[in-house]
Amino acid sequence: MSTTQNGTVSDRVVEAIRDAIGPRDGFTPLHKPTFENNEWEYVKECIDTEWVSTAGSYVEQFEEDLAKYTGAEHAVVTVNGTAALHVSLRLAGVTPEDEVLVPALSFVATANAVAYLGATPHFVDSEERTLGLDSEKLEAYLDEIAEVRDGTCVNTQTGRPIKALVPMHAYGHPVALDALQEVAERYHLTLVEDAAESLGSLYKGTHTGTIGRLGALSFNGNKTITTGGGGAILTNDDQLADEALHLVRVAKEDHEWEYFHDQTGYNYRMPNLNAALGCAQLEQMPSFLERKRVLAERYRDAFADVDGVSFFAEREDTRSNYWLNVLLLDEKVADRRDAVLEATNEADLMTRPTWQLLSSLPMYKDCPRMDLSTAKSLEQRLINIPSTPSLVDSSSNQ
């Protein structure tokens, strides 16, 4: 059994987490909502005024607040992040005949949104320095299996068009977007950012989700801010924003009383109750992010001397929201991952492994994929540890 200076890897991980978060009574979850401000007041207003569905004033207010916060020209709020990505890919022109390049190391929604359109997920590898798509490896792969014909990228092995490239900012850490944009431009791919986990994260000073043609956010109950369930589409394109809003409103033409729908749309609009919660949560983003950064620094210090375990920190040209803090086990102790997970959870410290590679799931096992050696290595070595901002006292941030 692998050991460190003062015991097993499992023992040292438990000790380091406790050193970082301090003494706690009971179970410490991975990430829970933090409600400390106007949440009850805004939601109660919806109930008191009876504006609880999609027509209330908080829906547009939340969109305006999100656009201002992220720097996007437009934000269109949806019932969840998967819906936001689904509509974004439809607006990117993805059809049932197409393939879409997605990371094998991602939450299942990234591939599901492709499948909802009848298209085929095409799985690509990640890099350890960002946990996101490896642009160099991807470009070399496309050089081998793809060519551009009349402005369309075609997979020469399947004969299908490859329509879009979907980088996902894993756990809030921005991918290397400049290099991926170059690959997308060279191969005539539409760049759609899966920014579900990265509200508050910056790539070279620009908010994630606003660099691609479209971006998708999530406000699930475990995200940095939550609307209970919810998501948003970000874009700087006026026409795409109008089309997105139309689609999430069931493609209903505006009229005082008539019901006319000009295409197949989706009942994806965020209700006012959820948007009210989002407005109150977004007001607290600066505090949440600062407390998360303090927690990340504490973890980095606590794990500095733990042999075989590294705390994953942001790169110099990025600013991460540290949505879920990440540990990476060295290859030499990778076989201890499950022992660490068992020990931490038995110690009332909730930890989780990363997702099983999407390419290994039964519904996607026959989809095209490149060599996924780095993603497979990360799958075996990555552990998420408690990351709730309330683990840091808001009055001190020390």
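About the cut-offs
Residues numbered from 1 in each chain as written. Predicted model: local features only at pLDDT ≥ 70, side-chain atom pairs only at ≥ 80, totals over all residues. Heavy atoms only, no water. Pairing = 2+ DSSP bridges. Helix = DSSP H or I, 4+ residues; strand = E, 2+ residues; numbered from the N terminus. Axes fitted to C-alpha atoms, helices over the stretch in contact; angles between N-to-C directions. Contact = heavy atoms within 4.5 Å. 1 Å grid on protein atoms, 1.4 Å probe; cavity = no way out; pocket = protein on both sides within 12 Å on 5 of 7 lines; lining within 4 Å. Points joined across faces, edges and corners; volume = space filled by probe spheres on them. Nonpolar A, V, L, I, M, F, W, Y, C, P; charged D, E, K, R; others polar. Parallel < 35°, antiparallel > 145°, perpendicular 65-115°, else oblique. Left-handed = near helix turned anticlockwise from the far one by under 90°.

Before going further, it helps to spend a moment on the sheet that holds strand β13 (residues 231-235). Across the sheet, seven strands lie side by side as β3-β13-β12-β9-β8-β4-β5; this open sheet has mixed pairing. Each edge of the sheet is formed by a strand with only one pairing partner; in this case those strands are β3 (74-78) and β5 (120-124). Averaged over neighbouring strand pairs, the angle between their axes works out to 30° when direction is ignored. Sheet analysis places strand β4 (residues 99-103) next to strand β8 (residues 162-165), joined by three bridges and oriented parallel. Bridging from a neighbouring strand, Val 100 pairs with Ala 164 of β8. Of the strands in this sheet, β3, β4, β8, β9 (190-194), β12 (214-218) and β13 touch helix α4 (residues 81-91), which is tilted by about 170° from β12.

With that settled, consider empty space enclosed by the protein. In this approach, a probe sized like a water molecule rolls over the atoms, and the result shows the empty space that is left. In the structure shown here, the tally under the stated rule is one cavity of 30 Å³ or more. In terms of lining residues, the largest cavity is bounded by Ala 196, Glu 197, Ser 198, Leu 199, Ser 218, Lys 223, Thr 224, Ile 225 and Asn 321. Its residues placed into classes, the lining of the largest cavity shows three nonpolar, four polar and two charged.

Attention now moves to the packing of helix α1 (residues 9-21) against helix α10 (residues 285-302). The N-to-C vectors of α1 and α10 enclose an angle of 140°; their axes lie 8 Å apart at closest approach. Our classification of the angle between α1 and α10 gives oblique. Regarding α1 and α10, the two cross each other, and that crossing is right-handed. Packed against α1, whose contacting residues are Ala 16, Ile 17, Asp 19, Ala 20 and Ile 21, the element α10 presents Leu 295, Arg 298, Tyr 299 and Ala 302 at the interface. The residue inventory of the contact of α1 with α10, partitioned by class, reads seven nonpolar, no polar and two charged.

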